[in-house]
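# A closer look at the structure
So you can see what is in the structure, the chains are spelled out below.
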Amino acid sequence: MSSAVDLAPQELRVLVAVAEEGGFSAAAVRLGTTQSGVSHAVRGIERKVGVVLFARGRFGARPTPAGARTVAHARRVLRMLETLVREARETPKGEIAGPLRIAAFRSAALHLLPPVLERLSARHPGIEATVTVVREIGPGTAGEVAEGRADLGIAGLGTSSPIPPQLVGDVLLEEPYALVHPAGHPDPRSLPLVDWRENCSSYTRQWWAAQDWIPAATVRAEDDGAVLSMVGSGLGMAIMPALSLTAAPPGTEITDLGPERPARRVGYVTTPELAATAAVRALVRELRASVKPQVSGG
């Protein structure tokens, strides 16, 4: 006996709208239908899949754990349906067009992606790339891809943050950490440590713990840009990866941490189905071409 469940694209759109709008009424406005129509559709979908997808209450409608997984799949299926139509209509010249959604942590969005997207746009002007800055905390950029909100994520990869099993990807570069401190300070290692939360998930913790000169952070900032501003103002020193130090402000100085310095692996992640699409393949080619000199240069 077949266990296949037939869900129409419009039903998938209803699931996504309810999850993102937080209720049936708001989803109805978004979809141009009625609250009762959305409620009826959700009940029908739940009967088809045999599980409750939304918890209802005065708060509205929130996805259950099963609902959250289903909505993530719904986003990805809808994205692939869009891609199917677009790539079926490709011209004989192989022109690539359409949206390309990228999630990236802040320093990658600021310093890695701009030249890559500039070349991508020159070669494929029909691609409409958008970049969303996502904090590398919790699911991070990989979570945006897994949830169907991004086609490709630029992520920190390593033993503590491997590629999620449902995604594919590869390392693009290793960025070393360095000490940044107020320029001209006679003893920068004596300064207070300035840090930000995202940094904690990316450095080599064993190395960090073994350095008796590194104190516990006494100054915390919102992001790496705020850290650099504080260091430039003489409030302390910081240990930061190379991308964050690409445009270190005046008043700061960067000191190498030596051959045993830690490094962060930066790579891309996408879904297996999107990895085969023309737009994602084109972006990956430009990413690899951009970082190749850095990788080969050690």
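Since we're looking at a predicted model, the values are computed, not measured. (Residues numbered from 1 in each chain as written. Predicted model: local features only at pLDDT ≥ 70, side-chain atom pairs only at ≥ 80, totals over all residues. Heavy atoms only, no water.)

## Quick word on the packing of helix α1 (residues 9-21) against helix α4 (residues 65-88)
The packing of two helices is summarised by the inter-axis angle and the distance between the axes. Relative orientation of the contacting elements α1 and α4 amounts to 130 degrees, with a least axis distance of 9 Å. Between α1 and α4, the angle falls in the class oblique. Every pair of crossing elements has a handedness; the one defined by α1 and α4 is left-handed. Where α1 approaches α4, its residues Pro9, Leu12, Arg13, Leu15, Val16, Ala19 and Glu20 are matched on the opposing element by Thr70, Val71, Ala74, Arg75, Val77, Leu78 and Leu81. (Axes fitted to C-alpha atoms, helices over the stretch in contact; angles between N-to-C directions. Helix = DSSP H or I, 4+ residues; strand = E, 2+ residues; numbered from the N terminus. Parallel < 35°, antiparallel > 145°, perpendicular 65-115°, else oblique. Left-handed = near helix turned anticlockwise from the far one by under 90°. Contact = heavy atoms within 4.5 Å.)

## Some words on α1
Taking 1.5 Å as the rise per residue, α1 with 13 residues should run 18 Å; its terminal C-alpha atoms sit 18 Å apart, in good agreement. Within the sequence span of α1, burial applies to Glu11, Leu12, Val14, Leu15, Val16, Ala17 and Val18. If you follow the buried residues of α1, they end up packed against α2 (24-31), α3 (35-49), β1 (54-57), β2 (60-63) and α4. Following α1 by one or two positions, Gly22 has its phi on the positive side, about 80 degrees. (Expected span 1.5 Å × (residues − 1). Buried < 20%, exposed > 50% of the residue type's maximum accessible area, 1.4 Å probe, protein only.)

## Topic: the environment of Pro192
Relative to the helices and strands, Pro192 is located in the loop between β6 (168-182) and β7 (193-196). Classification of Pro192 by relative accessible area gives partly exposed; the value is 34%. When the C-alpha positions of Pro192 and Pro215 are compared, they lie 7.1 Å apart, and in sequence the two are 23 residues distant. Leave out the neighbours within four places in its chain, and Pro192 touches Thr218, Leu235, Gly236 and Met237.

## Notes on the confidence of the model for the protein
Confidence in the prediction for the protein averages 88 pLDDT; 92% of positions are at 70 or higher. When pLDDT is averaged over each helix and strand of the protein, the minimum, 78, is found for helix α7 (residues 205-210) and the maximum, 96, for strand β4 (residues 126-133). Note that residues 294-298 has pLDDT below 50 and, in this model, three contacts with residues that lie over four places away or in other chains. (pLDDT = per-residue confidence, 0-100.)

## Thoughts on the environment of Arg30
Relative to the assigned elements, Arg30 resides in helix α2. The exposure class of Arg30 is partly exposed, given its relative accessible area of 41%. When the C-alpha positions of Arg30 and Thr277 are compared, they lie 29 Å apart, and in sequence the two are 247 residues distant. Each residue touching Arg30, except ones within four places of it in the same chain, is listed here: Val16, Ala17, Glu20 and Glu21. A polar contact of 3.2 Å, which involves the side chain of Arg30, links it to the side chain of Glu21. (Polar contact = N/O pair within 3.5 Å; in protein donor to acceptor, adjacent residues only side chain to side chain.)

## A short note on the side chain of Thr83
Its location among the elements puts Thr83 in helix α4. Sequence-distant contacts of Thr83, that is, excluding residues within four places in its chain, are made with Leu274 and Thr277.

## Topic: a nonpolar patch on the surface
On the surface, Val77, Leu81, Leu84 and Val85 cluster together into a nonpolar patch covering about 310 Å² of accessible area. Mapped onto the fold, Val85 is located in helix α4. On the basis of relative accessible area, Val85 is assigned to the partly exposed category, the value being 35%. (Patch = residues over 30% accessible without salt bridge, like charges linked within 9 Å, V, L, I, M, F, W, Y side chains within 5 Å. Areas by Shrake-Rupley, 256 points an atom, 1.4 Å probe, with all protein chains shown as cover. Salt bridge = Lys/Arg side-chain N within 4 Å of Asp/Glu carboxyl O.)

## Thoughts on the pairing of strand β3 (residues 97-104)
Here eight bridges tie β3 to β4, and the two strands are oriented parallel to one another. Across the sheet, the residue bridging to Ile102 is Val131, located in β4. Pairing of β3 with strand β5 (residues 152-157), which is carried by three bridges, proceeds in the parallel orientation. In the sheet register, Ile102 faces β5, and the bridge partner there is Leu152. (Pairing = 2+ DSSP bridges.)

## Considering the packing of aromatic side chains
The tally for this structure, following the rule as stated, stands at zero aromatic pairs. Cation over ring: Arg62 sits above Phe59, and NZ or CZ is 4.2 Å from the ring centre. Taking NZ or CZ as reference, Arg189 lies 4.0 Å from the ring centre of Trp213, over its face. (Phe/Tyr/Trp six-rings, centres within 6.5 Å; stacked < 30°, edge-to-face > 60°. Lys NZ or Arg CZ within 6 Å of the ring centre and 35° of its normal.)

## Concerning the packing of α1 against α3
Interaxial distance between α1 and α3 falls to 10 Å at its minimum, and their mutual angle equals 110 degrees. In terms of orientation, α1 and α3 fall into the roughly perpendicular class. Considering only the axes of α1 and α3, their crossing is left-handed. On α3, the residues touching Glu11, Val14, Leu15 and Val18 of α1 are Val38, Ala41, Val42, Ile45 and Lys48. Along the lines of polarity and charge, the residues of the contact of α1 with α3 split into seven nonpolar, no polar and two charged. (Nonpolar A, V, L, I, M, F, W, Y, C, P; charged D, E, K, R; others polar.)

## Points about the nonpolar core
In this structure, Leu100, Leu152, Ile154, Leu283 and Leu287 are the most contacted members of the largest nonpolar core, which totals 29 residues. No other element matches helix α9 (residues 278-296), which puts eight residues into this core. Excluding residues within four positions of it along the chain, Leu152 makes contact with Arg101, Ile102, Ala103, Val145, Tyr268, Val269, Thr270, Val280, Leu283, Val284 and Leu287. In this structure, Ala17, Ala27, Phe54 and Leu78 belong to the second largest nonpolar core, which totals 19 residues. (Core = buried A, V, L, I, M, F, W, Y, C linked by side-chain atoms within 4.5 Å.)

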